[in-house]
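One letter stands for each residue in the lines below.
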Amino acid sequence: MSKGFGKLVLTPQQQQQALILRKSVLKHFQHLQDPRVERTQHHSLLGIVTIAILAILSGADGFVAIETYGKAKLGWLETFLDLPYGIPSHDTFGRVLGRLEPQELETSFLSWVSSITEKLGVRLIHIDGKRLKGSYDRESQLKALHSVSAWSSEHGLVLAQQKVESKSNEIKAVPLLLKLLNLKGAVVTLDAMGTQISIAGQIKKAEGDYVLALKGNQGQLSQSVKDWFKQAQAQNWQGIEFTHHQSIESGHHRRDTRQVWAVPVSQLPPLHRQPQWIGLTTVVMVKTTRELWNKTTKEVRFYISSLEPDAQRHNQVIRSHWTIENSLHWVLDVTFNEDASRIRQGYAAQNLGLLRRLSVNLLKREPSRLSLKMKRYKAGMDNNFVIKILAASAAE
């Protein structure tokens with residue numbers, strides 16, 4: 001039996017639970033390199049990480065809560081973990097996770113995610129950044145942790161995460177994040193910060209496609225596309241090849257109308273540095289009108305794309321991008337209280353952020369209709385439900 005797992009005589013049910021743990025936590029985290037010197041390794045690293053994962057799944061949002069969970073579940077945890085010194089203190093959890101190299105944890109995270117996505121296949125990858133406000137410390141002159149995540153809207157999975165020094169450095173982080181992903185056959189979407197010639201080229205060389213937002217950071221290109229669409233509308237699209245898609249949604253006292261125009265880039269005059277944008281095939285305009293009871297708002301956005309000029313498909317791809325805000329960032333802040341976390345020591349904020357994202361993946365793979373908040377609540381009370389959550393991903 002691998003280090004970190006106990007040698008108790010187990011009931012058939014406990015044996016099944018231990019087997020599921022081995023197919024999930026042990027399988028993907030057993031190769032972590034312990035950052036501690038040997039004489040201080042009273043608690044196994046695998047045990048510390050396993051308890052942290054199970055605690056976060058079950059509602060814990062910090063190290064004191066992780067310790068409290070461990071002590072409350074000690075009898076159960078001892079059926080599959082070797083815990084000769086009992087449950088580590090919250091200081092030990094904080095110290096170890098603060099020293100553990102994030103790249104080590106990320107490798108294990110990617111291994112687990114790959115085991116899930118291998119059979120599912122990923123066709124849409126959305127990349128966006130998030131700032132963890134609570135990790136900022138004025139007195140220590142510590143900047144808030146900023147990370148960029150890759151999100152699969154089809155499966156509700158975080159595919160990878162990359163730390164950046166600040167919002168302005170997302171440009172440097174995105175290529176590193178892309179290297180962690182299998183882009184073959186997938187469509188990658190980014191906001192305007194990621195609309196760079198080098199990033200578009202990297203995606204195409206990896207046999208993927210891109211849909212990139214156009215804003216002021218691509219001044220000449222953005223203005224040229226904007227002016228061309230304005231002229232095309234003024235002449236009522238006469239003599240222009242394009243596709244158009246419109247969708248209308250009503251509810252909650254509002255009515256949203258979305259219109260999408262997708263135009264082959266061959267219909268436009270040569271764009272700024274066009275030959276350098278590898279795979280550039282289509283330019284897109286999205287016009288959104290929102291009607292409320294007391295006001296109407298309009299927004300127009302522009303994109304460049306390597307996809308064929310199919311307006312309906314572009315509408316679906318672009319709309320899917322915003323699920324990273326609603327289904328990941330909002331969940332992390334509201335369900336996992338990430339934005340309120342004041343954990344800052346060493347690599348702890350980054351490592352806990354990765355474990356939260358792993359928890360989002362595991363909770364979303366569990367097939368019951370409960371909300372993520374209720375799944376965490378139930379996991380805290382029902383050990384069998386925790387095993388069910390793990391089994392849903394271990395069985396992939």
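Keep in mind the model is a prediction, meaning the values are calculated, not measured.

## A word on the nonpolar core
Grouped burial of nonpolar side chains is what soluble globular proteins tend to show. By size, the foremost hydrophobic cluster in this structure holds 104 residues, and its most contacted members are Phe 29, Ile 125, Ile 127 and Phe 229. At eleven residues, the largest contribution of residues to this core is made by helix 2 (residues 45-57). Once you skip the residues sitting within four places of it in the chain, Phe 229 turns out to touch Trp 237, Trp 261, Val 263, Val 283, Val 284, Met 285 and Phe 302. Membership of the second largest hydrophobic core comes to 13 residues, among which are Ala 213, Val 260, Tyr 303 and Val 317.

## Quick notes on the confidence of the model for the protein chain
Residues with a pLDDT of 70 or more make up 93% of the protein chain, whose mean pLDDT is 89. Note that residues 134-138 has pLDDT below 50 and, in this model, 19 contacts with residues that lie over four places away or in other chains.

## Focus on the pairing of strand 1 (residues 124-132)
Counting buried positions over the nine residues of strand 1 gives eight, a clear majority of the element. Note that strand 1 and strand 4 (residues 187-190) share four bridges and pair parallel. For Ile 127, the partnering residue across the bridge sits in strand 4 and is Leu 190. Where strand 1 meets strand 2 (residues 145-152), seven bridges bridge the pair, whose relative direction is antiparallel. Counted as the bridge partner of Arg 131 is His 146 from strand 2.

## Examining helix 12 (residues 348-365)
In a regular helix each residue adds 1.5 Å, so 18 residues correspond to 26 Å; helix 12 covers 26 Å between its end C-alpha atoms and thus fits that length. For helix 12, a buried count of 17 out of 18 residues is recorded, marking the element as mostly surrounded by other parts of the structure.

## Overview of the pattern of salt bridges
Enumeration according to the criterion identifies 16 salt bridges in this entry. Among the salt bridges present, the one from Glu 249 reaches Arg 319, with a minimum N-O distance of 2.7 Å. In this pair, Glu 249 is assigned in strand 6 (residues 243-251) and Arg 319 in helix 10 (residues 311-321), connecting sequence segments 70 residues apart. Classification of Arg 319 by relative accessible area gives partly exposed; the value is 34%. For the salt bridge of Glu 366 with Lys 388, the shortest nitrogen-to-oxygen distance reads 3.4 Å. Taken together, the positions of Glu 366 in the loop between helix 12 and helix 13 (372-381) and Lys 388 in helix 14 (residues 383-394) put the pair 22 residues apart, joining distant regions of the chain. The class of Lys 388 is partly exposed, set by a relative accessible area of 42%. When salt bridges that share partners are traced, they join Lys 130, Asp 333, Glu 338, Arg 356 and Arg 357 into one network.

The rules we used
- Residues numbered from 1 in each chain as written.
- Predicted model: local features only at pLDDT ≥ 70, side-chain atom pairs only at ≥ 80, totals over all residues.
- Heavy atoms only, no water.
- Core = buried A, V, L, I, M, F, W, Y, C linked by side-chain atoms within 4.5 Å.
- Buried < 20%, exposed > 50% of the residue type's maximum accessible area, 1.4 Å probe, protein only.
- Helix = DSSP H or I, 4+ residues; strand = E, 2+ residues; numbered from the N terminus.
- Contact = heavy atoms within 4.5 Å.
- pLDDT = per-residue confidence, 0-100.
- Pairing = 2+ DSSP bridges.
- Expected span 1.5 Å × (residues − 1).
- Salt bridge = Lys/Arg side-chain N within 4 Å of Asp/Glu carboxyl O.

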